[in-house]
Amino acid sequence: MNMSLEKRFNSVKNRVNSSNQNTDNSSIIDLLAVSKKQPLEKIVQLYNMGQRMFGESYIQEAIDKIEQLSDLDIQWHYIGPIQSNKTKYIAQYFSWVQSVDSVKLLTRLNRQRAVDQKQLNILLQLKVGGEDSKRGLSAPELLSICAKHAEFEHLSIRGLMSIPAPTSIYSEQKAQFKICQNVFQQMQEIIAVDTLSMGMSSDLEAAIACGSTMVRIGTDIFGKRVL
Ligand SMILES: *Cc1c(COP(=O)(O)O)cnc(C)c1O
């Protein structure tokens, strides 16, 4: 077993748990291990330590890994930018997609999800924090999609994902995550959603303080991306 991987993994879990204890209503926080550009062996090692949720951003790399690890009980999340000519692979291989930012993508994913598969779990990506975060929906766009959720019978809209503009200042991290939390609460008034995916290696504490239910951690679990 790779000790440094195990140490990193445990230290991230400890950070998540202690941040969670500082909130008023500590519920379970899902930990997504972001394995993009990380070798297969490390995914297997983490799996053997009990990790089940993994996130990938590059379609071909993801398909290779998913096929090679098909014997393992892994829940795969697609978290990268989506080109519309790749939606059929996402619909086929993944159980969650976190980076959906248009009705067009929802329509394609809904059509391409096979009827004998479970509903594909969807998080709508909210745009926060200025110009350099180009991707994502505005809050009004996102809420209007929620109102149309019944049109997508092969999809299950589970909540919101966001990648705020990077900053190392805690109060600025929190200000952006508060916006996400607020939009998430507005979503909950329209449909039953349970997942607020926010927080990465450098800002998971602020995200959890603002009600995150899922953090997505790459570097602080795996170390530098290598592939
Ligand atoms: C790469 C990535 C992460 C993980 O980032 P780290 O800083 O390595 O923890 C989380 N979310 C998304 C959407 C990513 O693309």
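Notes on the structure in this doc start here. (Residues numbered from 1 in each chain as written. Predicted model: local features only at pLDDT ≥ 70, side-chain atom pairs only at ≥ 80, totals over all residues. Heavy atoms only, no water.)

1. Describing the nonpolar core
Residues Ile-122, Leu-124, Leu-142, Met-187 and Ile-221 are the most contacted members of the largest nonpolar core, which totals 62 residues. The dominant element in this core, judged by the number of residues it contributes, is helix 7 (residues 170-188), at 5 residues. The residues contacting Leu-142, other than those within four sequence positions of it, are Leu-124, Gln-125, Leu-126, Leu-137, Leu-160, Val-183 and Met-187. Counting residues in each nonpolar core, the second largest holds 5 residues, with Leu-32, Val-34, Met-53 and Ile-79 among its members. (Core = buried A, V, L, I, M, F, W, Y, C linked by side-chain atoms within 4.5 Å. Buried < 20%, exposed > 50% of the residue type's maximum accessible area, 1.4 Å probe, protein only. Helix = DSSP H or I, 4+ residues; strand = E, 2+ residues; numbered from the N terminus. Contact = heavy atoms within 4.5 Å.)

2. Points about the pattern of salt bridges
Using the criterion set out here, one finds 5 salt bridges in the structure. Notably, a salt bridge pairs Arg-15 with Glu-205, separated by 2.8 Å at the nearest N-O pair. Pair noted here: Arg-15 is in helix 1 (residues 3-21) and Glu-205 is in helix 8 (residues 204-209), with a separation of 190 residues, a long-range link. For Lys-65, the salt bridge identified is with Glu-61, shortest N-O distance 2.6 Å. Of this pair, Lys-65 and Glu-61 both sit in helix 3 (residues 59-68), 4 residues apart, which is roughly one turn of that helix. (Salt bridge = Lys/Arg side-chain N within 4 Å of Asp/Glu carboxyl O.)

3. Details of the side chain of Ser-99
One can find Ser-99 in strand 4 (residues 96-100). On the accessibility criterion, Ser-99 (3% relative accessible area) is buried. The residues contacting Ser-99, other than those within four sequence positions of it, are Tyr-78, Ile-79, Gly-80, Ile-82, Leu-123, Gln-125 and Met-161.

4. Side note on the layout of surface pockets
What the largest pocket holds in volume is close to 440 Å³. Lys-36, Ile-79, Ile-163, Met-200 and Arg-216 are the residues nearest the centre of the largest pocket, which is lined by 23 residues in total. Its residues assigned to classes, the lining of the largest pocket comprises 8 nonpolar, 9 polar and 6 charged. Looking at the second largest pocket, it is lined by 20 residues, and the ones nearest its centre are Asn-25, Gln-181, Cys-210, Gly-211 and Ser-212. Residue assignment for the lining of the second largest pocket shows that the elements contributing at least two residues are helix 7 and helix 8. A per-element tally of the lining of the second largest pocket places helix 7 first, with 5 residues. (1 Å grid on protein atoms, 1.4 Å probe; cavity = no way out; pocket = protein on both sides within 12 Å on 5 of 7 lines; lining within 4 Å. Points joined across faces, edges and corners; volume = space filled by probe spheres on them. Nonpolar A, V, L, I, M, F, W, Y, C, P; charged D, E, K, R; others polar.)

5. Here's the deal with the packing of aromatic side chains
Considering all chains together, one arrives at 2 aromatic pairs under this definition. Centroid distance Phe-54 to Trp-76: 6.0 Å. Interplanar angle 45°. Geometry classified as tilted. Taken together, the residues span a long stretch of sequence, with Phe-54 in strand 2 (residues 53-56) and Trp-76 in strand 3 (residues 75-78) at a distance of 22 residues. Comparing Phe-54 with Trp-76 shows no difference in burial state: the two are buried. When the ring of Tyr-78 is compared with that of Phe-94, the centres are 5.4 Å apart and the planes differ by 80°; the resulting orientation is edge-to-face. With Tyr-78 in strand 3 and Phe-94 in the loop between helix 4 (87-93) and strand 4, this pair connects stretches of sequence that are 16 residues apart. For the pair Tyr-78 and Phe-94, one class covers both residues: buried. Across from the ring centre of Tyr-58, 4.6 Å away, lies the NZ or CZ of Lys-37, which sits over that ring. When the ring centre of Tyr-47 is taken as reference, the NZ or CZ atom of Arg-52 above it lies at 3.7 Å. (Phe/Tyr/Trp six-rings, centres within 6.5 Å; stacked < 30°, edge-to-face > 60°. Lys NZ or Arg CZ within 6 Å of the ring centre and 35° of its normal.)

6. Structural notes on the site of the ligand
Inspection of the region around the ligand gives Val-34, Lys-36, Ser-57, Ile-79, Ile-163, Met-200, Ser-201, Arg-216, Ile-217, Gly-218, Thr-219 and Arg-225 as its neighbouring residues. Contacts to the ligand include Lys-36, whose side-chain N or O atom sits 2.7 Å from an oxygen atom. One nitrogen or oxygen atom from the side chain of Ser-201 is found 2.6 Å from an oxygen atom belonging to the ligand. Look at the ligand: alone it shows 390 Å² of surface, and the protein chains cover 89% of it. Comparing atom positions with the cavity grids shows the ligand to sit within the largest pocket. (Near = heavy atom within 4 Å. Polar contact = N/O pair within 3.5 Å; in protein donor to acceptor, adjacent residues only side chain to side chain. Areas by Shrake-Rupley, 256 points an atom, 1.4 Å probe, with all protein chains shown as cover. Sits in = over half its atoms within 2 Å of the grid points.)

7. Quick word on helix 3
Taken together, the buried positions of helix 3 are occupied by Ile-59, Glu-61, Ala-62, Ile-63, Lys-65 and Ile-66. The inward-facing, buried residues of helix 3 abut helix 2 (40-48), strand 2, strand 3 and helix 4.

8. So, the pairing of strand 1 (residues 30-34)
Where a strand is regular, its side chains alternate between the two sheet faces. Summarising burial for strand 1: 4 of the 5 residues are buried, a large majority. Two strands pair when backbone bridges link them, and strand 1 and strand 2 are joined in this way by 2 bridges, in the parallel orientation. Residue pairing for strand 2: Ala-33 is matched across the bridge by Phe-54. With helix 2 bridging strand 1 and its parallel neighbour strand 2, the resulting β-α-β unit is right-handed. (Pairing = 2+ DSSP bridges. Right-handed = clockwise from strand over helix to strand, strands pointing away.)

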